[in-house]
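Structural characterization, general
So the chains spell out like this:
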Amino acid sequence: MKLSVRMPQFGESAAEATVVAWLVTPGAQVAAEQELVEVQTEKSLLTVAAPAAGILSEQCAEPGRKLAVGDVLAYLEVAGEAATNGSSPVPADVHDIGTAPKAKHLPRPQRRPAGDASTRESGRAAVRAASGESAFISPRVRAKLLESGLKVSDLATIPGSGADGRITANDIDHYLSQGEAMSPVRQAVANAMTRSWTRPLATIARPVRMDALLAHRRTVEGRPSATIYCMRALALALKAGNPLACRLFGNRLLTPSTIDLAVAVEITDGVLTPVVRKVEELDLARLTTLVEEVIAKGRDGRVSDAGDAVATISNYGTFGLTWATPIPLPGQGLILGIGAVKNVPDWNPATKSWDRAREAELTLTFDHRIADGGAAGRLLNGVGELLEHPERM
Amino acid sequence: MKSQPQKLPQIASPKASDPASTNDIRVRHLTWMILARALDDRMCKLKAQNLVPGSVFTGRGQEAYSAAGGMCLRPGDVFAPLIRDQAGRLAFGETIIDVVRTCMGKRTSSMRGRDGNIHRGNLDIGLLPMISHLGAMVSVVAGMLMARRFKGQLVGNDLTVGMASIGDGGMNAGALHEALNLAAVEKLPFVLLVANNQVAYSTFNDRTFACRDLVDRAVGYGVCGHSCDGTDATACLTTVSDAVARVRRGEGPQMVVATLLRLAGHGLHDPAEYVTPELKSRFGDCIQLDSNTLKVQGILTDADIERIWDDARTRIAAAVEQAMHEPDPDPAQEDWTAYSERDLKKVRS
Amino acid sequence: MTLAYLEAIRLALGESLDEDPRVFVYGQDVAGAFGGAFKVTKGIAERYKDRVLNAPISEDAMAGVAIGAALEGMRPVLEYQFADFATIAFNQFVNHAGTMFWRTGRSCPIVARLPVGGTPGGGPFHSQMPETWLSNHPGLVVVAPATVADAYFMLKDAIACQDPVMYCEHKYLYYHLKAEFDKTRAEHLPLGSAAVRRPGDDCTLISYSGMVHECLRAAEILDRDHGIDCEVIDLRCIRPLDTETILTSVCRTGRVVVATESWPFGGVAAEVLALVSSEAFSHLDAPPRRLCALDVPVPFHPDLFAAHHPDAERIAEAVLETMAF
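Criteria and thresholds
- Residues numbered from 1 in each chain as written.
- Chains lettered and ligands numbered in written order.
- Predicted model: local features only at pLDDT ≥ 70, side-chain atom pairs only at ≥ 80, totals over all residues.
- Helix = DSSP H or I, 4+ residues; strand = E, 2+ residues; numbered from the N terminus.
- Rg over C-alpha atoms; globule rule 2.2 N^0.38 Å.
- Axes fitted to C-alpha atoms, helices over the stretch in contact; angles between N-to-C directions.
- Parallel < 35°, antiparallel > 145°, perpendicular 65-115°, else oblique.
- Left-handed = near helix turned anticlockwise from the far one by under 90°.
- Contact = placed C-beta atoms within 7 Å.
- Pairing = 2+ DSSP bridges.
- Domains from an automatic or database assignment.
- Nonpolar A, V, L, I, M, F, W, Y, C, P; charged D, E, K, R; others polar.
- Buried ≥ 20, exposed ≤ 12 C-beta atoms within 10 Å, placed from the backbone.
- Arc of directions from axis to C-beta.

**Considerations on the overall build of chain B**
Along its length, chain B carries eleven helices and seven strands. Relative to the 2.2 N^0.38 estimate, which gives 20 Å for 349 residues, the radius of gyration of chain B is 20 Å and therefore close to what a compact globule would have. Along the longest, intermediate and shortest principal axes, the C-alpha atoms of chain B span 60 × 45 × 40 Å.

**Re the packing of helix α5 (residues 136-150) of chain B against helix α3 (residues 59-71) of chain C**
α3(C) packs onto α5(B) with a crossing angle of 50° between their chain directions and a minimal axis gap of 6 Å. What the angle tells us is that α5(B) and α3(C) run oblique. As for how α5(B) packs across α3(C), the hand of that crossing is right-handed. Each of B:Ala136, B:Ser139, B:Val140, B:Val141, B:Ala142, B:Gly143, B:Met144, B:Met146 and B:Ala147 in α5(B) lies in contact with α3(C), whose residues at this interface are C:Asp60, C:Ala61, C:Gly64, C:Val65, C:Ala66, C:Ile67, C:Gly68, C:Ala69 and C:Leu71.

**Details of the sheet that holds strand β2 (residues 23-27) of chain C**
All names here are of chain C. Spatially, the seven strands line up as an open sheet ordered β3-β2-β4-β5-β7-β6-β12, and their pairing is mixed. In the strand order of this sheet, the two ends are held by β3 (52-54) and β12 (237-239), each with one partner. Neighbouring strand axes in the sheet, compared pairwise and without regard to direction, differ in orientation by 20° on average. Judged from the three bridges that link them, strand β4 (residues 75-79) and strand β5 (residues 111-116) form a sheet pairing that is parallel. Looking across to β5, one finds that glutamate 79 is bridged to arginine 113. Contacts from helix α6 (residues 148-160) reach β2, β4, β5, β6 (141-143) and β7 (165-170) within the one sheet, and its direction differs from that of β7 by about 160°.

**With respect to the domain arrangement of chain C**
The parts lose accessible area when they come together, and the size of an interface is often stated as this lost area. All names here are of chain C. Here the domain parsing of chain C yields domain 1 (2-180) and domain 2 (195-323). Each side of the interface is counted separately: domain 1 has 26 residues, and domain 2 has 21 residues. Of the residues belonging to the side of domain 1 that touches domain 2, the class tally is 14 nonpolar, ten polar and two charged.

**Quick notes on the environment of A:Ala205**
Relative to the elements of secondary structure, A:Ala205 occurs in strand β11 (residues 201-209). In contact with A:Ala205, not counting residues within four places along its chain, are A:Trp323, A:Glu361, A:Leu362 and A:Thr363.

**Observations concerning the pairing of strand β7 (residues 254-259) of chain B**
Residue and element names in this part refer to chain B. With six of its six residues buried, β7 lies for the most part within the structure. Going residue by residue along β7, you find Gln254, Val256 and Ala258 tucked away on one face and Met255, Val257 and Thr259 tucked away on the opposite face as well. Across six bridges, the pairing between strand β3 (residues 190-196) and β7 is parallel. What sits directly across from leucine 192, in β7, is methionine 255. As defined by bridge partners, strand β6 (residues 224-229) adjoins β7 across six bridges and the pair is classed as parallel. Bridged to histidine 226 within β7 is valine 256.

**Here we look at the sheet that holds β6(B)**
All names here are of chain B. Taken in spatial order, the five strands make up an open sheet running β1-β2-β3-β7-β6, and their pairing is parallel. In this open sheet, the two strands that pair with only one neighbour each are β1 (78-80) and β6. For this sheet, the mean inter-axis angle between neighbouring strands, taken without regard to orientation, is 20°.

**So, the interface of chain B and chain C**
Each partner contributes residues to the interface: chain B has 34 residues there, and chain C has 41 residues. Broken down by element, the residue count for the side of chain B that touches chain C peaks at eleven residues, all from α5(B).

**Description of helix α3 (residues 169-177) of chain A**
Residue and element names in this part refer to chain A. Three or more residues of α3 are buried, namely Ala169, Asp171 and Ile172. Each buried residue of α3 sits inside an arc of 160° when the element is viewed along its axis, so together they form one side. Pointing more than 90 degrees away from the buried face of α3 are the exposed residues Asp173 and Ser177.

**Comments concerning the environment of B:Pro75**
All names here are of chain B. With respect to the helices and strands, proline 75 occurs in the loop between α2 (63-72) and β1. Given 11 C-beta atoms within a 10 Å radius, proline 75 is considered exposed. Separated by 51 residues in the primary sequence, proline 75 and glycine 126 place their C-alpha atoms 8.1 Å from one another.

Here you go:
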């Protein structure tokens, strides 16, 4: 049978060696351990010997050729019985011993769980035992719950891909990725509302008769909306003097020299609050034009922060709502809201009958640190009276 | 009081055939011995006063030999003393104040309270701060001498000298063997002072080595061996200065073995009851013996010797007074790093 | 040009001798035409007969010589024939070199080149990994290059470093690892920083020295057969440890496997896992895992040897288990 002679691993570091000279010619009979070939490693000149007696049938590398450790140098033809040794057969490639190891062909060693169990411990089993068989929540999953606002009870609806159905951090990411990301505008609104909500806010309300206003708007160029009347009325009421005509910074109350007002405008995924400056100096027609301009700019995304206005007007009535408590923007102390106009019965003592009247709810949400209910009530009444007597505007 | 640098005596001139013949040198030798003894005594008292952390290790009984070693060195030489070398350290240039500060662990000491007592040193003057592992300092001295050779500084017939101390115990450490052999192979200007004080902590010579005399080992290493009576001050000066002179001339490593007795425990904590009266009776105290000799020869009077003691005690008292008022290290102020590179990422070849 | 790992060390050593008269090489059999047990100093020893010197077989005294020479301003580079033999010098390394700066304020710039790691047939005393023992002691810098470029740059930087550097060079990589290397173009990473050898999102694989190559192979297997994307980190420097790179990666992937050729107890892998467990706890989605050599001395027979330390297949299995948690 044919037996290969391979390049041995000479020394701890050798990766290859160069054939220098053959000491035996092909066809020659060689004894076991007879020197066959000289090879040069990085470190020294060494000889490779025959692993068994036989005939050198082939030289596989000429002098000068570099071979890697484990490469075949030559083949020996050995007698059949020479390849066996008693009951146990000699490995076909005896020179494999000493060449680079072929770990993957070897059976995995059975590692005994000795005193140091940590080398092979199963973390999952250890953790599960400690958590009393309840569903295990890894530290990363727990952190993701906190960050996302999900509750442990929400996990019941999430399919787990880990061992025994455990929910992994990836599962949560995947679950949340199915939802839609908040748009930047939505996130900005969310942040502003959260910041605003840290203040003590109070809301007051009163109804306001709208008949005079609705008649009056037909006489004004551009037919101003209820929003325009509210802005104008709020500007005049603030200008007349009220503690809420200011903005609070730290413990300093700053009163702006002009009344700048923002107006809440709904866009696709949020609310914009473009600002109109010096509202107290603008008549209703002019204000109508300007508000249309800033709303158009706002919708085009060309509007900047509204934070420096003193208040905002929110006409939630346009959505058919009759009553709401909008939240003032951070940095502003109040927001005036007006609901949808509705028909109400009005007792006419002259005719002793019910007439139809039109009315809307006027709401004012304010920062209670700046002023109290009295001042806010006087302001809201001032606005209401102006709206009921639009000719004064 | 500012710490005063002490003058290094210049005695080991290669021309001085018998340095001990100079009375002046003999008096200075006794002065170093007494200063070391007085300092050791005071450190023991400070320990009793609980002013010194750790133990106190004294060189009692070894002053004559140790001081001779320090006196034969000069600025530029290297000295690696061990625990019983108070006298040699002082003679080589260690200041009293640094001894006191280091024993107290003061922030102002050369070791800044990070290390203490006999581990002190001053690399600026070539005084190596020993580590506790016996024999370890010898190869370091060899390395310093080799560095000087690399730099072309070891030429001529007046070489700088490296000196290390070892005892009958340390002579059996592997590190000592490696290093002494290496110094001999490199033919370095090196002197090994072996103090055979009979006892390695509590183990006597018969359980530490089997050769007739430690000096017999010299020939095995290929170094020149010398012996002397370590209780005889004059013999110590003569023998050590001869060995040092040979080294300076380029004759290669020398080994001196002095026979003496440790007149104290291993440290202050050790009453050394294992030292028998019989053994004690065979060895004198080098300071008493030398004081007597100098008196008999008319070189010093009792009053002179008393003045030397008084002077030593006065200087030590002043140093103790100063050191006691100096700050201890402050854990909050300490620079807690063992690395001299502040940011390894900035190291660039 | 193509350079073997060992040749990169030789190149760095030769250049250091060329550039800096303070550098000298001291070790067993390094001098003359012989050029050292592994031939690292071959060629350069003949150029510098006065600065590449043979030492007696005195591993402890060699280290003492280096410390003394460093105190005198030299830049000694010690060559130990095998890191295993440097245990004799442990006292000088940890008690003397490692304490020098703290005790005296004086730097001790020595470099000890330690041929580490196992090769088939090396056996218990020619195969050990010393980085755990050495890195436990403050004051020593411990590096373990895994690439040709690192072998070159880290040796030069080690010689430039003011602190004692234990330079662990892997014997198996000496001739088995070859790479294109151009020192003017190759990336020169600083000491003290780890390197991300393969970016990935699913699991962080941490190793150093020869084991980096097993981790890279494991990452390939996992990518090819299982679609698992591993990030492979080469620590490069054991002491100080680049905690930032480790934590950044683990915080992203949430899973970590550390593979070392050295033993498990109190080892570098244990240190990394302690770091991850305490500093990145809330980012972990699976128990951090280590894979070390079996807790017995390094065996002689190649089959036993191959089974003794982690390889790519076993590392891949560990990652699969971690991913399945």
